[in-house]
Amino acid sequence: MENHTRKTNPIVDYGPFGRKLEPDRLEADNELLYYEGTTQTSGLTVGCGSLHRIVSEHLIKKESCQKNKLDASLRFYVEVKENETVILDKMIAYSTSLDMPVTELKTYLLSALGTASEKGYGFLAERQRNYFDCFWEHAGIEIAAKNIEAFHQGLRFNLFQIFQPAWRDGKTGMGAKGLTGEGYEGHYFWDTEMYVFPVLVYSQPDVAKSLLDYRYNTLDKARARARILGHEKGALFPWRTINGEEASTYYPLGTAQYHINADIAYALVLYLQVTGDEEYLKEKGAEMLIETARVWADVGSFAECRGGKYCICDVTGPDEYNVLVDNNFYTNLMARENLRDAVSAVKYLKENAPDRMEQLCEKLDFSEEELKIWDQIIENMYFPYDEKRQIYPMDDGFMMRKPWDESKIPPEKRAWLYENYHPLFIMRHRMSKQADAILGMYLHSDLFSEEEIRRNYDFYQEVTLHHSSLSTCIFGIVASDIGYHEEAYRYFSESARMDLDDYHNNFYAGIHAANMAGTWQAVVNGFAGLRCQNARLRFKPHLPEEWESYSFRLQYRGSLLKVTITRGKAEFHLLRGEAVQFLVNGHSASVEQEGDTYVEEL
């Protein structure tokens with residue numbers, strides 16, 4: 001495995017080039033190839049075995065194997081007549097040192113290969129087919145419209161690519177490039193929690209839970225990271241990682257993105273609201289909320305120059321063209337809600353699981369005195385505000401920066417600013433790489449009026465360049481929410497086939513998993529207006545002019561709900577499970593038993 005990238009970016013650090021997996025063991029015989037290798041940096045070992053057999057009715061005249069330093073091969077020679085078919089079954093099994101001691105890898109893999117070979121390809125194919133049939137039943141989106149084939153293909157491709165690499169063992173996360181390409185070297189980012197997770201929590205909640213388990217299982221390393229950053233208590237999750245340790249190189253674009261803590265907390269709370277999994281809150285969730293909240297209570301201060309408000313300085317928000325800023329709006333908003341959720345978790349445990357609360361107090365050296373500080377921060381969090389435009393700037397200095405003049409930037413340099421301009425040139429301009437403040441308003445839309453969101457959307461439309469693949473889907477969702485339906489559809493169109501049509505000219509490095517999940521959100525959270533806030537579903541459905549109808553399914557607290565939007569009405573059909581209460585266009589509705597349908601006139 002070698003890293004090949006078009007150009008090494010000294011800030012993002014796509015490199016280094018060259019082989020990163022060192023071979024430890026390589027074997028070959030007349031049926032089997034076996035390999036073990038260890039990564040140079042993280043020290044993880046992978047084992048791979050492959051078993052080969054001719055399964056058609058042809059005699060093997062000769063077979064041979066060859067082993068070199070870095071590779072091995074098998075050769076089969078058979079005698080075949082014209083128009084005859086020869087079938088070779090190749091079974092491949094992988095495992096890693098995360099699952100078992102290295103000394104046990106070969107025995108395990110050979111046993112797995114033997115079982116697979118005995119059951120045969122047909123059995124494995126049928127099992128895979130059944131597994132994905134279940135996935136499509138819960139996650140698929142059906143659209144009726146003329147010339148919709150390209151969008152259908154984009155949606156299906158995108159959903160497949162985000163479900164395939166979403167690990168299910170709690171020991172690993174999900175790379176921003178899924179299982180494709182070499183971009184970001186396989187690292188996990190906030191993409192998982194903020195973009196992919198919402199799709200999985202409504203379609204495959206067990207998979208979503210496993211991704212939370214991964215974060216919980218790396219909590220000790222997050223605690224160690226917080227100590228390195230000077231926080232005596234709490235945990236700070238890494239911005240980019242594989243094994244739970246920080247893998248960023250350029251800290252202004254990496255470690256400074258403290259919002260990763262709040263992003264993980266948001267995903268956790270979304271899971272709790274959608275599933276009602278109180279046991280998870282008791283066993284793991286409350287501990288994660290407490291430890292992430294502690295960092296927010298330490299990283300900022302009550303600033304006299306801001307009227308005693310709580311300020312958080314020198315952080316980087318989602319927008320990576322504005323780094324090490326003071327009072328990033330998104331960060332402050334998400335931090336406040338992280339603290340609010342931690343307070344709620346502690347109160348819940350005190351009332352419903354006092355023994356567990358006592359255990360956590362002892363394990364974490366936690367005192368209820370900390371709650372007082374958290375409450376003060378919640379009540380006094382500072383947010384930059386521009387009185388003239390009545391909008392929330394991204395940070396304290398955003399409105400002071402030099403306006404961006406796109407006409408001065410050659411077209412060939414516009415998409416790769418960090419590779420063509422010095423960081424200081426970029427950071428001194430008033431422009432944004434991607435959705436930032438707008439993303440916060442989408443996630444917590446219940447805290448803002450529609451008019452507030454509209455004013456901020458209009459402003460950020462002026463200054464956002466959408467140089468990140470994570471951006472257009474979010475703007476489209478917010479456009480739907482405020483009634484800008486034509487813009488919403490345009491953004492959806494740009495997102496749906498971003499990789500298939502290589503809009504960003506970088507598909508060679510792998511898929512854009514976050515945007516892929518964003519296309520599902522664009523339909524479900526955008527056009528249908530789905531939110532889950534205060535443990536209740538809310539819908540604000542709209543049918544694009546170009547479509548005749550669309551439908552999707554949601555899992556909510558063990559029930560399966562089908563939503564169908566047609567011209568003039570929205571139908572909510574309970575396919576299975578217990579009653580579901582929800583809001584549609586601001587008023588209460590429900591489906592009480594299996595088979596019930598609620599119809600809302602639009």
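Just above, that's the structure.
From a predicted model like this one, the values you see are computed outputs, not experimental measurements.

Q: In this structure, what is going on with the overall build of the protein chain? I would like to understand it.
A: What the protein chain contains, in helices and strands, is 17 helices and 21 strands. In terms of C-alpha radius of gyration, the protein chain reaches 26 Å, essentially the compact-globule figure of 25 Å for 602 residues. Each principal axis of the C-alpha distribution contributes one length, and for the protein chain these read about 85 × 65 × 55 Å. Residues classed as buried in the protein chain amount to 55% of the 602 residues present. Taking contacts inside the protein chain between residues at least 6 apart in sequence as the whole, the part at least 24 apart equals 63%. Summing over all exposed atoms, the protein chain offers an accessible surface of approximately 26,800 Å²; the carbon and sulfur share of this is 48%.

Q: Would you mind going over the pairing of strand β9 (residues 141–144) with me for this structure?
A: A regular strand carries its side chains on alternate faces of the sheet. A one-sided burial pattern is seen for β9, the buried positions being Ile141 and Ile143 and the unburied ones Glu142 and Ala144. Of the pairings in the sheet, the one linking β9 to strand β16 (residues 549–556) comprises 4 bridges and is antiparallel in character. Paired with isoleucine 141 across the two strands is phenylalanine 552, which belongs to β16.

Q: Sorry, what's going on with the packing of helix α7 (residues 278–299) against helix α8 (residues 329–352) here?
A: Following both chains from N to C, one finds α7 and α8 inclined at 135 degrees, their axes separated by 8 Å at the closest point. Taken together, the axis directions place α7 and α8 in an arrangement best described as oblique. Considering only the axes of α7 and α8, their crossing is left-handed. Residues Glu278, Leu281, Lys282, Ala286, Leu289, Ile290, Thr292, Ala293 and Trp296 of α7 pack against Thr331, Ala335, Asn338, Leu339, Asp341, Ala342, Ala345, Val346, Tyr348 and Leu349 of α8. Partitioned by chemical class, the residues of the contact of α7 with α8 number 13 nonpolar, 3 polar and 3 charged.

Q: So what exactly am I meant to see when it comes to the pattern of salt bridges here?
A: This model, assessed by the stated rule, comprises 39 salt bridges. Close ionic contact of glutamate 368 with lysine 350 constitutes a salt bridge, the shortest N to O distance being 3.0 Å. Note that glutamate 368 is positioned in the loop between α9 (354–364) and α10 (369–380) and lysine 350 in helix α8, a separation of 18 residues in sequence. Classification of lysine 350 by relative accessible area gives partly exposed; the value is 40%. Notably, a salt bridge pairs arginine 401 with aspartate 395, separated by 2.8 Å at the nearest N-O pair. With relative accessibility at 2%, the residue aspartate 395 sits in the buried group. Counted as one network, the salt bridges with shared partners bring together Asp220, Arg223, Lys233, Glu287, Glu291, Arg294, Arg356, Lys363 and Glu370.

Q: Would you explain the environment of glycine 47 in this entry?
A: Topologically, glycine 47 is positioned in strand β5 (residues 45–54). Glycine 47 sits in the buried class, given a relative accessible area of 0%. Counting along the chain gives 431 residues from glycine 47 to valine 478, while the straight-line C-alpha distance between them is 45 Å. What glycine 47 contacts, discounting residues up to four positions off in sequence, is Tyr34, Tyr35, Glu36, Ala93, Tyr94, Ser95, Leu105 and Leu109.

Q: How should I be thinking about helix α15 (residues 472–481) in this particular structure?
A: Each α-helix winds once per 3.6 residues, and so residues spaced three or four apart point in a common direction. For α15, the tally of buried residues reaches 10 of 10 residues, placing the bulk of the element in the interior. What α15 keeps buried is the set Thr472, Cys473, Ile474, Phe475, Gly476, Ile477, Val478, Ala479, Ser480 and Asp481. Positive backbone phi, at 90 degrees, marks glycine 483, one or two positions downstream of α15.

Q: Before we go on, may I ask you to explain the nonpolar core in this structure?
A: As a rule of thumb, nonpolar side chains are buried together in soluble globular proteins. Residues Trp190, Tyr195, Tyr202, Phe492, Phe539, Trp547 and Tyr550 are the most contacted members of the largest nonpolar core, which totals 148 residues. Apart from the residues lying within four places of it in its own chain, the contact partners of tyrosine 195 are Trp190, Leu439, Leu470, Cys473, Ile474, Ala514, Ala517 and Gln521. One finds Trp404, Ile409, Leu417 and Met431 within the second-largest nonpolar core, a separate group that totals 12 residues.

Q: Is there a simple way to think about the sheet that holds strand β19 (residues 580–584) in this case?
A: In a beta sheet, neighbouring strands pair by backbone hydrogen bonds and run either parallel or antiparallel. In spatial order, the strands read β14-β15-β19-β20; together these 4 strands make up an open sheet with mixed pairing. In this open sheet, the two edge strands, each paired with only one partner strand, are β14 (531–533) and β20 (587–591). On average, each strand axis in the sheet is inclined to that of its neighbour by 35 degrees, with strand direction left out of account. Where β14 and strand β15 (residues 536–539) come together, 3 bridges link them in antiparallel fashion. Within β15, the position partnered with glutamine 533 by the bridge is arginine 536.

Q: When you look at the environment of proline 544 in this model, what are you seeing that I'm missing?
A: Mapped onto the fold, proline 544 is located in the loop between β15 and β16. When the C-alpha atoms of proline 544 and valine 523 are compared, they prove to be 9.9 Å apart, with 21 residues separating the residues in sequence.

Q: Mind showing me how you'd approach the pairing of strand β8 (residues 88–96) here?
A: Burial along β8 is one-sided: Asp89, Met91, Ala93 and Ser95 are buried, and none of Leu88, Lys90, Ile92, Tyr94 and Thr96, which face the opposite way, are. Pairing between β5 and β8: 9 bridges, direction antiparallel. Bridge pairing in β8 places histidine 52 opposite lysine 90.

Cut-offs used in this document
Residues numbered from 1 in each chain as written. Predicted model: local features only at pLDDT ≥ 70, side-chain atom pairs only at ≥ 80, totals over all residues. Heavy atoms only, no water. Helix = DSSP H or I, 4+ residues; strand = E, 2+ residues; numbered from the N terminus. Rg over C-alpha atoms; globule rule 2.2 N^0.38 Å. Buried < 20%, exposed > 50% of the residue type's maximum accessible area, 1.4 Å probe, protein only. Contact = heavy atoms within 4.5 Å. Areas by Shrake-Rupley, 256 points an atom, 1.4 Å probe, with all protein chains shown as cover. Pairing = 2+ DSSP bridges. Axes fitted to C-alpha atoms, helices over the stretch in contact; angles between N-to-C directions. Parallel < 35°, antiparallel > 145°, perpendicular 65-115°, else oblique. Left-handed = near helix turned anticlockwise from the far one by under 90°. Nonpolar A, V, L, I, M, F, W, Y, C, P; charged D, E, K, R; others polar. Salt bridge = Lys/Arg side-chain N within 4 Å of Asp/Glu carboxyl O. Core = buried A, V, L, I, M, F, W, Y, C linked by side-chain atoms within 4.5 Å.

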